[in-house]
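# Understanding the architecture of this molecule
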Amino acid sequence: MRRRTGPGRIATQVLLVLATLVFLLPFYLLLRNGLARETDITSPSWTFFPTHIQWGNVRELFDDPAVPFARSLLNSVVVSTLQTVGTLVVCSLAGYGLARIPYRHAGKVFWLILGTLMVPTAVTFVPTFVVVSSLGWVSTLRGLVVPLLFSGLTAFLFRQHFLEFPKELEEAARIDGLGYWRTYWRIVVPNSRAFFAAIGTITFIGAWNGFLWPLVIAQDSSAWTVQIALSTFLTAQTVNLHELFTAAAVSIAPLVVLFVALQRWIVQGVERTGIDD
Amino acid sequence: MSQVWARVRGPQGQNLWFWVFVGPFLAGLMLFVLVPLGWSLWLSFFDAHNTVTPTRFVGLGNYRDMLTDPAFLDSLGTFSLFALFIVPTTFALSLGLAMLVEKALLGRGFFRSVFFLPTACSYVVAALVWKLSLFSGVRFGLVNTVLGWFGQDPVAWLSVTKPPWYWLVIVTLRLWLQAGFYMVLFLAGLSRIPRSVYEAAAVDGAGPGWQTFRWITFPLLRSTSVAVLVLLLINAYQSFDEFYNILSTTAGYPPYARPPLVYLYYVALGNGQDFGHGSAGAMILAVLIAVVTVGQARFLGLGRRSA
């Protein structure tokens, strides 16, 4: 198709710029309110730019003894990291086993896993809570992380990826006398780095933004993730608005940086999965 | 004996290695997905308040209660209404954005990034912006300020039910957060359409713009469209975060805007700890989602050879 610079094209470009402004507006509001004075947020004569920029809001947030913000931020970092690493290890191993190790009942195992994809994860939150609480894992790191490691979808995606992995590489390794285990760690994983990175980033974002499961499990404020902390202040009666917005801005900063830096991989990952929320 | 062992291990021990690789995953899947499902099914036939090892069998009683519970039925109604709003609007917006980005003269990568960026944001943070800044009910909210420029009175977005303005708040939030994600799926679909198809269409006299879109692009995006529709519907059923964060307050949660998941959350994990009814509700919801998904996929032809 030829590229024409007719009026249609110009209109497209104008529409894109307008849409960009709309899509960026919520980010701007977050930043604006996070750096504004309380009076600027609640002022009856709302202005687009705050009258005064207060960088001190960030320090104030971390100094406030009434708000366990630093703790919840740390919890989020730990939970998201462990969930990402754990998911990659557990699901990639399963995917490899299903793709490459000939076993009589592998087909049945595969269909069992596919079957769980039909079960909406959110629908199992009550019974999974029951299991986790009977293990005594409520308000613990284990309770927050472990139940989420076994994603049928991720295992399935790894299987598909490994099916496409060039077999010659593995056969060469086998001739050199490497078993399944060492072939996997020394040949297959290092050559699948991009795929691991894509799935890892998506898992990390999902873990960082996860809400329902931490809400159910982190009943003690010492186990709150940053989303739960924010939500608690959001639905509470009295809270400093500027502090709340500062906290929200701080909470998305790491993800936005990660996002911008790893964009290409994330997009690739999404294109490949087609499913992820 | 050694022969039996050799058969268990398989050639080169591959049966054992299979379980070394797949075993941990499968064990976790059993413990955290399959056992909970079974347990839930079992609990759904019992009177189980505050306990997960109930003794009083009520048969289908919990199911009958849930299916005649106006609050639960309302929650299904709330969902249906929400899906009616969110599925077509997200579909149209994400497809529209994908077409715009595809046709951009310059800055394609930039625009794609901008529209995709909200995916990095959580529903909690978005709810904060929507509830306390954009659609703040008092005069200082952005939308009310803009309305003020046109001489309109400020609207109490979240506290009036007639008209239900809170729908606008909830729908726009999800649109903003999700459209970019589905746009990427559409962009992937668009990139798979061979250029020669467009060239042939141009030779056959199809005008650029609407005609090409109607007769070439859209039909060729069919499999992507079907996948997006199925995903949108499943995700809409499971909406929880924005409803909870926008509408829940210290004073409680308004009963008029509870999708099923919010309702089940309060039934099972609220003060009552009613696991029996909660489980029955979850089972009903699971079956409903499965039926609707399979029905929709059949209707749209997912899994057809050509799709």
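Residues numbered from 1 in each chain as written. Chains lettered and ligands numbered in written order. Predicted model: local features only at pLDDT ≥ 70, side-chain atom pairs only at ≥ 80, totals over all residues. Heavy atoms only, no water.

Attention now goes to the overall build of chain B. In terms of regular secondary structure, chain B is built from 14 helices and 2 strands. For a compact globule of 307 residues, the expected C-alpha radius of gyration is about 19 Å, and chain B comes in at 25 Å, more than 25% above that figure. Buried positions account for 54% of the 307 residues belonging to chain B. When contacts within chain B are restricted to residue pairs at least 6 apart in sequence, long-range pairs at least 24 apart make up 64% of them. (Helix = DSSP H or I, 4+ residues; strand = E, 2+ residues; numbered from the N terminus. Rg over C-alpha atoms; globule rule 2.2 N^0.38 Å. Buried < 20%, exposed > 50% of the residue type's maximum accessible area, 1.4 Å probe, protein only. Contact = heavy atoms within 4.5 Å.)

The next point concerns the UniProt feature "transmembrane region" (unreviewed entry) in chain B. Residues and elements named next belong to chain B. As annotated in UniProt, the feature "transmembrane region" (unreviewed entry) corresponds to residues 16-39, 76-98, 110-130, 165-188, 220-240 and 280-301 in the numbering used here. The annotated region residues 110-130 carries 71% helix and 0% strand content, and the separation between its end C-alpha atoms amounts to 25 Å. Secondary structure across residues 165-188 divides into 96% helix and 0% strand, with the first and last C-alpha atoms of the span separated by 35 Å. (UniProt positions renumbered as here; feature names shortened; annotations may be inferred.)

Counting residues in hydrophobic clusters, the biggest one holds 187 residues, and the most contacted among them are F115 and F275 of chain B. Per-element accounting of this core gives the leading share, 18 residues, to helix 8 (residues 166-191) of chain B. Split by domain, this core shows at least three residues from each of two domains, domain 1 (1-60) and domain 2 (65-272) of chain A. With residues up to four places along the chain from it excluded, the contact list for F115 of chain B reads L16, A19, T20 and F23 of chain A together with L97, V101, G180 and M183 of chain B. (Core = buried A, V, L, I, M, F, W, Y, C linked by side-chain atoms within 4.5 Å. Domains from an automatic or database assignment.)

To continue, consider the packing of helix 2 (residues 14-43) of chain B against helix 14 (residues 275-300) of chain B. Residues and elements named next belong to chain B. It is the contact of helix 2 with helix 14, at a shortest axis distance of 8 Å, that shows an interaxial angle of 115 degrees. In the crossing of helix 2 with helix 14, the sense of the turn from one axis to the other is left-handed. Contact residues: L37, S40, L41 and L43 in helix 2; F275, G276, S279 and M283 in helix 14. (Axes fitted to C-alpha atoms, helices over the stretch in contact; angles between N-to-C directions. Left-handed = near helix turned anticlockwise from the far one by under 90°.)

All names here are of chain A. Taken domain by domain, chain A holds domain 1 (1-60) and domain 2 (65-272). Averaged C-alpha coordinates put domain 1 and domain 2 at centres separated by 32 Å. Each partner contributes to the interface: domain 1 provides 11 residues, whereas domain 2 provides 11 residues. The junction of domain 1 with domain 2 conceals about 960 Å² of combined surface from both sides, 68% of it contributed by carbon and sulfur atoms. In terms of surface lost to domain 2, no three residues of domain 1 exceed L30, E38 and E60, which account for 48% of the buried area on that side. At the junction of domain 1 and domain 2, the tally comes to 0 salt bridges. The interface formed by domain 1 and domain 2 holds 2 residue pairs in polar contact (both at pLDDT 80 or more) in total. Looking at the side of domain 1 that touches domain 2, the elements with two or more residues in it are helix 1 (7-34), helix 2 (38-42) and helix 3 (56-63). Per-element tally for the side of domain 1 that touches domain 2: the top contributor is helix 1, with 4 residues. (Buried area = accessible area lost by both parts, 1.4 Å probe. Salt bridge = Lys/Arg side-chain N within 4 Å of Asp/Glu carboxyl O. Polar contact = N/O pair within 3.5 Å; in protein donor to acceptor, adjacent residues only side chain to side chain.)

This part is about helix 8 of chain B. Residues and elements named next belong to chain B. With 26 residues, helix 8 ought to run about 38 Å at 1.5 Å a step, and its terminal C-alpha atoms sit 38 Å apart, in line with that. Remark: the principal bend of helix 8, roughly 40 degrees, maps to Q178. With 23 of its 26 residues buried, helix 8 lies for the most part within the structure. (Expected span 1.5 Å × (residues − 1). Bend = angle between axes of the 7 residues up to and from the residue.)

Turning to the UniProt feature "transmembrane region" (unreviewed entry) in chain A, a few remarks are in order. UniProt annotation of "transmembrane region" (unreviewed entry) refers to residues 12-31, 77-98, 110-131, 137-158, 194-216 and 244-262 of chain A when read in the numbering used here. Structurally, residues 194-216 of chain A is divided into 91% helix and 0% strand, and its ends, taken at the C-alpha atoms, are 34 Å apart.

Now for the pattern of salt bridges. Evaluation of the coordinates by the stated rule reveals 3 salt bridges over all chains. When the shortest N-O distance is used, the salt bridge between E170 of chain A and R100 of chain A registers 3.0 Å. Placement of E170 of chain A in helix 9 (residues 167-175) and of R100 of chain A in helix 4 (residues 69-100) is noted, with a sequence separation of 70 residues between them. A salt bridge links R174 of chain B to E242 of chain B, with the nearest nitrogen and oxygen atoms 2.6 Å apart. One end of the pair, R174 of chain B, is in helix 8; the other, E242 of chain B, is in helix 12 (residues 241-247), and 68 residues separate them in sequence. Take R174 of chain B and E242 of chain B: they sit in the same class, and that class is buried.

All right, on to the packing of aromatic side chains then. Summed over the entire model, instances satisfying the criterion amount to 54 aromatic pairs over all chains. On the basis of an interplanar angle of 80 degrees and a centroid distance of 5.3 Å, the ring pair of F158 of chain A and F195 of chain A is categorised as edge-to-face. Placement of the pair is F158 of chain A in helix 8 (residues 152-164) and F195 of chain A in helix 11 (residues 193-209), with a sequence separation of 37 residues. Both residues of the pair, F158 of chain A and F195 of chain A, count as buried. Seen in terms of ring centroids, F45 of chain B and Y63 of chain B are 5.7 Å apart; in terms of plane orientation they differ by 40 degrees. Their pairing is tilted. (Phe/Tyr/Trp six-rings, centres within 6.5 Å; stacked < 30°, edge-to-face > 60°.)

Moving on, we come to a nonpolar patch on the surface. All names here are of chain A. Taken together, the side chains of I10, V14, V17, L18 and L21 make up a nonpolar region of the molecular surface, amounting to roughly 450 Å² of accessible area. Relative to the elements of secondary structure, V14 occurs in helix 1. On the accessibility criterion, V14 (45% relative accessible area) is partly exposed. (Patch = residues over 30% accessible without salt bridge, like charges linked within 9 Å, V, L, I, M, F, W, Y side chains within 5 Å. Areas by Shrake-Rupley, 256 points an atom, 1.4 Å probe, with all protein chains shown as cover.)

Following both chains from N to C, one finds helix 1 of chain A and helix 6 (residues 123-134) of chain B inclined at 75 degrees, their axes separated by 10 Å at the closest point. In terms of orientation, helix 1 of chain A lies roughly perpendicular with respect to helix 6 of chain B. On helix 6 of chain B, the residues that touch L25, P26, L29, L30 and N33 of chain A of helix 1 of chain A are V125, L128, V129, W130, S133 and L134 of chain B. Here the residues of the contact of helix 1 of chain A with helix 6 of chain B sort into 9 nonpolar, 2 polar and no charged. (Parallel < 35°, antiparallel > 145°, perpendicular 65-115°, else oblique. Nonpolar A, V, L, I, M, F, W, Y, C, P; charged D, E, K, R; others polar.)

Chain B puts 94 residues into the contact, and the matching count from chain A is 100 residues. Summing both partners gives a buried area of about 8800 Å² for chain B against chain A, and 77% of it is carried by carbon and sulfur. When residues of chain B are sorted by the area they lose upon contact with chain A, F21, F25 and F32 of chain B head the list and together hold 10% of the total. Viewed at the interface, chain A and chain B are joined by 0 salt bridges. Our count for the chain B to chain A interface comes out at 14 residue pairs in polar contact (both at pLDDT 80 or more). The biggest single contributor to the side of chain B that touches chain A is helix 2 of chain B, with 24 residues. Across the side of chain B that touches chain A, the residue classes tally to 68 nonpolar, 17 polar and 9 charged.

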